[in-house]
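# Residue-level structural notes
As a plain string of letters, each chain reads:
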Amino acid sequence: MTFQANEKSSGDDIITQCCAVLFWITAAVSLVFLWQSRNLPLLDMHGFRQTQTAISALWMRQEGTLIPYQTPVFGHPWFIPYEFPLYQGLAAGLSCLGVPLDLSGRIVSYVFFVLLLVSVRLIMKAFRLPSSLFYVFGGLYLSSPAYLFWGRAFLIETTALFFCVTGALILIYAARRRHWLPVLAATAFLTVGTLVKGTTSPQCLGFGLAMATLLLFDDDTLSWQKKLITFALLLAASILPVLATLGWIHYCDAIKQAGLMSTIHTSRGLRSWYSPDLHLFLKNADLLPKRMFLELVGTPWVVYLCLPLALVGGLRCFALTALALCCFFLPILLFTRVHIVHNYYQVSNGVFLVAAVALAVFSLTRTKLKVIVPIVLLVCIALNYLFFYDYFYKIFRDTATRADTREILTLASAVSDASDPNGVVFIFGRDWSAEIPYYSQRKAVMFPFWLPRQILKKALAAPNSLTGTAPLQAILFCPNTTREHIDYNRLTDEFLRKEVASDEVIVVDGCTLYRHRVPSNADSR
């Protein structure tokens, strides 16, 4: 499947050069934004999730635990593994070289964000696709508001995306080469990507296998027997990553069963978050144009025009654009709730929406309107930057001075002062966010209001079971976020009356911090 122009002229070279200039400008802008983020705390957006990833990297560096890795927010033995910790390990490793951990995570994320373009470029060269198509896609990808913002966040998203997309592209290449080596490489990349984040895999596997199958059965030089054998190998390359991930999930579930509070985070307990929900999808369908399209391509109108424009480029261009759009919608239908609640989840599938827009713009090169392709690309990039500035950049710019940022850092500093690195902190009323534990660099037990009451009762009745051999050194209670949860407040009040009677009390930003007195052997409680 190719998109080469029928006749290449000097005008085509000028179009390609103009698109290349725009591409390199967007690359420079993304690098500048990474530089601007170098000293920013991980609290700009979804700090909850960023610090949850970062705290695992922190304790990898501090204690060297890799598999299973620690996420010390739910008590001893501190393990609540979800994804395979490749990203966290790389961030921790880079920080061991003297780079601040916040910046280490941002750099690793950005490197994989950019490396995806290397994979796309290599596969396009292998299939002898026009360079202008790469520059159009690259310019839209690098200027995409969501990718520009999340591409330098402390998240696993771009790492998983790189491995899954690269694996899918190699799978397509394997259908052309029909050799065991690219099949093996595709299996390896897809397995790593799926282990890093399973929700990134279905759309990439679907795209890679669909394209590989079309290429394979479109080849008239092969017998049906060879086609079926090659298809079986490609199918195996797609299934093995899924089996490996199911094994990893089973392992993670077994680890989580070892802790009192971590048991609620098994795959069974989280099933509602990662299941299809057509009713929820239809109820929130307006989020597609109002949030997802805007954050990924700057305006919903370019999405609406994708298929009509792609049709101008021919039936194959139209079919490929339609396939890309299907791959964008697939994970939203499969994992509806997380895509509705968390906008960073669109990193895993937004690349296909960007690709669909890129194909639609590129289709103009096959018409007499090809001279306007750089202008259309420039307009699309400008729309991306306008929305990025109006939404993401304003959040980024105000992060350091926001009241919630100052509150978190103030509370973290107070917790750090009230304890030492070998101690444990109990935190009530801050959900189960790792923001305070991460910036205080303390292991913590978070008591979210939604914690099942039977687990909360057991935990408060035997607090030593949550700290292991480490001492409980501080208790932070923030009542403002739990006023409506009567049972939660009653149980925590009973615990505090019994546990902190002789503690030093410090009031910090509306929260009460108890510097816990470790009882001697003579003490009785």
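Residues numbered from 1 in each chain as written. Predicted model: local features only at pLDDT ≥ 70, side-chain atom pairs only at ≥ 80, totals over all residues. Heavy atoms only, no water.

Let us look at the sheet that holds strand β5 (residues 511–515). Spatially, five strands are ordered β2-β1-β3-β5-β4 in an open sheet, and the strand pairing comes out mixed. In this open sheet, the two strands that pair with only one neighbour each are β2 (443–447) and β4 (504–508). Neighbour to neighbour, the strand axes of the sheet diverge by 20° on average, direction disregarded. By the bridge criterion, four bridges tie strand β3 (residues 472–477) to β5 in an arrangement that is antiparallel. What sits directly across from phenylalanine 477, in β5, is threonine 512. (Pairing = 2+ DSSP bridges. Helix = DSSP H or I, 4+ residues; strand = E, 2+ residues; numbered from the N terminus. Axes fitted to C-alpha atoms, helices over the stretch in contact; angles between N-to-C directions.)

Per-chain confidence: the protein chain averages 89 in pLDDT, with 94% of residues scoring 70 or above. Considering only residues more than four positions removed or in separate chains, one finds that residues 520–525, a stretch of pLDDT under 50, has six contacts. (pLDDT = per-residue confidence, 0-100. Contact = heavy atoms within 4.5 Å.)

We now examine unusual backbone geometry. Comment: phi is negative for the bulk of residues other than glycine, and the bulk of peptide bonds are trans. Of note, the bond from isoleucine 67 into proline 68 is cis; its omega dihedral lies within 30 degrees of zero at -5°. As for its position among the elements, proline 68 is in the loop between α2 (47–63) and α3 (86–95). In this chain, histidine 76 is followed by proline 77 through a cis amide linkage whose omega measures 10°. Residue placement: proline 77 occurs in the loop between α2 and α3. Positive phi, normally seen in glycine, also occurs at histidine 46, with a value near 50°. Tracing the chain through its elements places histidine 46 in the loop between α1 (10–36) and α2. Taking the relative accessible area as the measure of exposure, histidine 46 reaches 26% and is therefore partly exposed. Non-glycine residue aspartate 509 carries a positive phi angle of around 50°. With respect to the element layout, aspartate 509 can be found in the loop between β4 and β5. (Buried < 20%, exposed > 50% of the residue type's maximum accessible area, 1.4 Å probe, protein only.)

To continue, consider the environment of tryptophan 180. By secondary structure assignment, the location of tryptophan 180 is in helix α8 (residues 180–196). Here tryptophan 180 falls in the exposed class, since its relative accessible area comes to 55%.

Over its 17 residues, α2 extends 23 Å from the first C-alpha to the last, a length consistent with the 24 Å expected when each residue adds 1.5 Å. Glycine 64 sits one or two positions beyond α2 and adopts a positive phi of about 75°. (Expected span 1.5 Å × (residues − 1).)

This brings us to the environment of cysteine 326. Among the secondary structure elements, cysteine 326 is positioned in helix α15 (residues 315–334). Judged by its relative accessible area of 52%, cysteine 326 falls in the exposed class. C-alpha of cysteine 326 to C-alpha of leucine 353: the two residues are 27 residues apart in sequence and 9.0 Å apart in space.

This part covers the pairing of β4. Summarising the sheet, β4 and β5 pair through five bridges and their orientation is antiparallel. Paired with valine 508 across the two strands is cysteine 511, which belongs to β5. Linking β4 to β5, which pair antiparallel, is a turn of two residues; within it aspartate 509 sits at a positive phi near 50°.

Right, let's get into the side chain of arginine 152. In this fold, arginine 152 is placed in the loop between α6 (145–150) and α7 (157–177). At a separation of 3.0 Å, a polar atom in the side chain of arginine 152 contacts the side chain of serine 37. Here arginine 152 is in contact with Phe33, Leu34, Ser37, Leu40, Asp44, Arg106, Ser109 and Phe396, once residues within four sequence places are set aside. (Polar contact = N/O pair within 3.5 Å; in protein donor to acceptor, adjacent residues only side chain to side chain.)

Right, let's talk about the nonpolar core for a bit. Within soluble globular proteins, side chains that are nonpolar tend to cluster in buried spots. With 102 residues, the main nonpolar core has Phe137, Tyr141, Tyr147, Trp150, Leu234, Phe328 and Val351 as its most contacted residues. Considering each element in turn, this core owes the most residues, twelve residues, to helix α17 (residues 350–362). (Core = buried A, V, L, I, M, F, W, Y, C linked by side-chain atoms within 4.5 Å.)

This brings us to the pattern of salt bridges. What the rule picks out here adds up to 13 salt bridges. A salt bridge links aspartate 44 to arginine 152, with the shortest nitrogen-to-oxygen separation between them at 2.9 Å. Of this pair, aspartate 44 sits in the loop between α1 and α2 while arginine 152 sits in the loop between α6 and α7, and the two are 108 residues apart along the sequence. As far as burial versus exposure is concerned, aspartate 44 and arginine 152 are alike and both buried. Through salt bridges with shared partners, one network takes in Asp44, Arg106 and Arg152. (Salt bridge = Lys/Arg side-chain N within 4 Å of Asp/Glu carboxyl O.)

Take the packing of aromatic side chains next. Counted by the stated rule, this structure contains 47 aromatic pairs. Geometrically, the ring pair formed by phenylalanine 23 and tryptophan 24 is edge-to-face, given 5.0 Å between the ring centres and 75° between the ring planes. Ring geometry for phenylalanine 162 versus phenylalanine 189: centroids 6.2 Å apart, planes at 75°, classification edge-to-face. One end of the pair, phenylalanine 162, is in helix α7; the other, phenylalanine 189, is in helix α8, and 27 residues separate them in sequence. Taken together, the ring pairs in this structure connect Phe33, Phe149, Trp150, Tyr344, Tyr345, Phe387, Phe388, Tyr389, Tyr391, Phe392, Tyr393 and Phe396 into an aromatic cluster. The side chain of arginine 152 reaches across the aromatic face of phenylalanine 149, ending 4.5 Å from its centre. Seen from the ring of tyrosine 82, lysine 256 lies directly overhead, with NZ or CZ sitting 4.1 Å from the centre. (Phe/Tyr/Trp six-rings, centres within 6.5 Å; stacked < 30°, edge-to-face > 60°. Lys NZ or Arg CZ within 6 Å of the ring centre and 35° of its normal.)

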